[in-house]
Amino acid sequence: MGETEGREAAARRLASPRVLDVDTLLDDPETRIVVCCGSGGVGKTTTAAALGLRAAERGRKVVVLTIDPARRLAQSMGIDSLDNVPRRVKGTDGDGELHAMMLDMKRTFDEVVEAHADPERAAVILANPFYQSLSAGFAGTQEYMAMEKLGQLRARDEWDLIVVDTPPSRSALDFLDAPKRLGSFLDGRLIRLLTAPAKLGGRAGMAFLNVGMSMMTGTLGKLLGGQLLKDVQTFVAAMDTTFGGFRTRADATYKLLQAPGTAFLVVAAPERDALREAAYFVERLAAERMPLVGLVLNRVHGSGAARLSAERALDAAENLADPRIVDQGGGKNGLRNSPDTYGSSRPPTPEAAAGAGTSDEGSPADEERSADRLTAGLLRLHAERMHLLAREQRTRDRFTARHPEVAVVDVPALPGDVHDLTGLRDIGDRLAAGTPTEHVEPS
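Figured I'd write up the structure that's included with this text. Note that the structure is predicted; figures quoted are calculated from it, not measured. (Residues numbered from 1 in each chain as written. Predicted model: local features only at pLDDT ≥ 70, side-chain atom pairs only at ≥ 80, totals over all residues. Heavy atoms only, no water.)

Structural notes on the packing of helix H3 (residues 44-57) against helix H19 (residues 421-433)
We apply this condition: To get an axis, a line is fitted to the C-alpha atoms, and for a helix only the part in contact is used. The angle between two axes follows their N-to-C directions and goes from 0 to 180 degrees. Each helix corresponds to a stretch of at least 4 residues labelled H or I by DSSP, and each strand to a stretch of at least 2 residues labelled E; elements are numbered beginning at the N terminus. To sort the angles, those under 35 degrees are grouped as roughly parallel, those over 145 as roughly antiparallel, those from 65 to 115 as roughly perpendicular, and the leftovers as oblique. Contacts: residue pairs with any heavy atoms within 4.5 Å of one another. Polarity classes work like this: nonpolar for Ala, Val, Leu, Ile, Met, Phe, Trp, Tyr, Cys and Pro, charged for Asp, Glu, Lys and Arg, and polar for all others, with Gly in that last group.
Direction vectors running N to C along H3 and H19 enclose 85 degrees, while the axes themselves pass 8 Å from each other. Viewed along their axes, H3 and H19 adopt a mutual orientation that is roughly perpendicular. Counting all contacts with H3, which are made through Thr46, Thr47, Ala49, Ala50, Leu51, Leu53, Arg54 and Glu57, the residues of H19 involved are Leu421, Leu424, Arg425, Ile427, Gly428, Asp429, Leu431 and Ala432. Looking at the contact of H3 with H19, its residues break down into nine nonpolar, three polar and four charged.

Dropping the structure here:
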């Protein structure tokens, strides 16, 4: 390692990030909502479940809300399936309670309609084909309904702590943008135009409908189809009284996310793309004035022999793999003292080296070479692991140099998937350990 690299490594050690204290966060009664966010595939669902279980076993009444369609949360908690209703998780230790649920986007939308419209109008809306399409797949509906459900849970004040596993998002905090997008749709020019006849009412409304709609029905009918246009008009007329409620509730939930009792955790893996997304999340949360408490760095690799560098491991592997190399340790006495080469300055031929001391298969010399090959293979695997550790460390250092204010907790990689409470408990222990992985210098 050169002088410049040495200075950079020393600077990194001096600028080590703060370590996130997970237990203090979970034990604080003022913490009422923990939001786990991050790009897809980094372990948000597992992190949310592990945090919920740990908080419950430390005495809090917790509900975990997941938006993950893979249903891993239900399986890891020993529940056949999750739905829109919180279900008690059995098998937890301590005095607290753990409940879990998975967002049912359409059912949540239906509940909103049923809660904010009279039964007759609600029935018309729920049966409307355009509404059915909107509630099942309109862009941003899942994220908006996650916000709706969070607002509902918090308003019930039944749980000490709500842990939210946000929808998988590639490059943006879509669940923050969704209320604005859906509100823009509901307040858009087309919706206002379609709503106008219902707002005018009576003869004036019919006159507007006859004149205005006749002008645009031809164009919209070609774009949307006559039946779809009729469905949209019917939906808008029925939904008119609930439009304001969407925006009002979205604004209230948004303020709830900014409140002191809310804590955002960004979850990432020690990979370049994942930490680039994490940096975006950190910056976006700061811009939105959302309370970020730290970064969970998942699946961090480690080594019990970190002092053996990749370079030294590869050198040792090469020495063991090639019996003609003279710079070797013990274990080659049989070759050096072979009668064929004793007293001669000539190096042994490959055939002689291969056959030295091997009158029978399975002789000590043959076993020794097998052990050498095995050891060389293990050394090469160790070198690969050390290169991986160094790459992860460099990626992590770039993030912490850019965001030194963000507390970080490393979660070591597990040998397998988490599929039960024991596994979640193990993840919780690792989250709470708060011990950064050992720094690995570039080889």
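Looking at the nonpolar core
The line we're drawing: Buried residues of nine kinds, namely Ala, Val, Leu, Ile, Met, Phe, Trp, Tyr and Cys, make up a nonpolar core once their side-chain atoms join them within 4.5 Å. Burial classes: relative accessible area under 20% of the type maximum marks a residue as buried, over 50% as exposed, and values in between as partly exposed (1.4 Å probe, protein chains only).
Formed by 49 residues in total, the largest nonpolar core has its most connected members in Phe175, Leu257, Phe264, Val266, Leu295 and Phe399. When neighbours within four sequence positions are excluded, Leu257 is seen to be in contact with Val35, Met147, Leu150, Phe175, Leu176, Thr262, Phe264, Met290 and Pro291. Among the nonpolar cores identified, the runner-up in size contains 39 residues, and Ala50, Val62, Met102 and Ala263 belong to it.

Re a nonpolar patch on the surface
Where we set the bar: Each patch is built from residues lacking any salt bridge and having more than 30% relative accessible area; the joining distance is 9 Å for like charges and 5 Å for nonpolar side chains (Val, Leu, Ile, Met, Phe, Trp, Tyr). For the accessible areas, the method is Shrake-Rupley and the probe is 1.4 Å, while residue cover comes only from the protein chains on display. By salt bridge we mean one thing: a side-chain nitrogen of Lys or Arg within 4 Å of a carboxyl oxygen of Asp or Glu.
A cluster of nonpolar side chains, Leu374, Leu378 and Leu381, forms an exposed patch at the surface whose accessible area comes to about 320 Å². For Leu374, the position within the fold is in helix H18 (residues 364-402). Accessibility expressed as a relative area gives 57% for Leu374, which makes it exposed.

Some details on the pattern of salt bridges
Going through the model one piece at a time under the given rule, you end up with 20 salt bridges. The residue Arg284 makes a salt bridge to Glu288 at a minimum N-O spacing of 3.0 Å. Glu288 shares its class with Arg284; the two are buried. Here the residues in one salt-bridge network are Lys106, Arg107, Asp110, Glu111, Glu114 and Lys149, joined through shared partners.

Quick word on the pairing of strand E4 (residues 97-102)
Test applied: Any two strands between which DSSP finds at least two bridges are classified as paired.
In terms of burial, E4 is largely enclosed, as five of its six residues are buried. The pairing of strand E2 (residues 61-66) with E4 spans six bridges and is classified as parallel. The residue of E4 that forms the bridge with Lys61 is Glu97. Of the strand pairs in this sheet, strand E3 (residues 87-88) and E4 are connected by two bridges, and their pairing is antiparallel. Within E4, the residue paired with Arg87 across the bridge is Ala100.

Quick notes on helix H5 (residues 105-116)
Given 3.6 residues to a turn, an α-helix orients residues that are three or four positions apart in the same direction. To keep it simple, the criterion reads: Helices are assigned an expected span. That span is 1.5 Å times one less than the residue count.
For H5, spanning twelve residues, the distance from its first C-alpha to its last is 17 Å, which sits close to the expected 16 Å at 1.5 Å a residue. Buried within H5 are the following residues: Met105, Thr108, Phe109, Asp110, Val112 and Val113.

Describing unusual backbone geometry
Positive phi, normally seen in glycine, also occurs at Arg289, with a value near 60 degrees. With respect to the helices, strands and loops of the structure, Arg289 is situated in the loop between helix H14 (272-287) and strand E7 (292-300). On the basis of relative accessibility, which here comes to 71%, the residue Arg289 falls in the exposed class.

A few points about the sheet that holds E3
Spatially, E3-E4-E2-E5-E1-E6-E7-E8 is the arrangement adopted by the eight strands of the open sheet, whose pairing is mixed. Strands at the two margins of the open sheet, each flanked by one partner only, are E3 and strand E8 (408-412). Strand contacts of helix H8 (residues 141-156): strand E1 (33-37), E2, E4 and strand E5 (161-165), with the helix running at about 170 degrees to E2, the strand carrying the most contacts. Across the sheet, H14 lies against E1, strand E6 (262-268) and E7, angled at about 160 degrees from E6, the strand it touches most.

Remarks on a positive patch on the surface
Spelled out, the test is: Counting rule for charge: Lys and Arg are taken as positive, Asp and Glu as negative, and neither His nor the chain ends is counted. In this description, the location of a charge corresponds to atom NZ of lysine, CZ of arginine, CG of aspartate or CD of glutamate.
Judged by side-chain charge, Arg272, Arg391, Arg394 and Arg398 come together as a positively charged surface patch. Of all the elements, H18 adds the most residues to the positive patch, at three residues. Within the secondary structure, Arg272 is located in helix H14. Residue Arg272 is classed as exposed on the basis of its relative accessible area, which comes to 59%.

What is shown is where atoms sit, not what they do.
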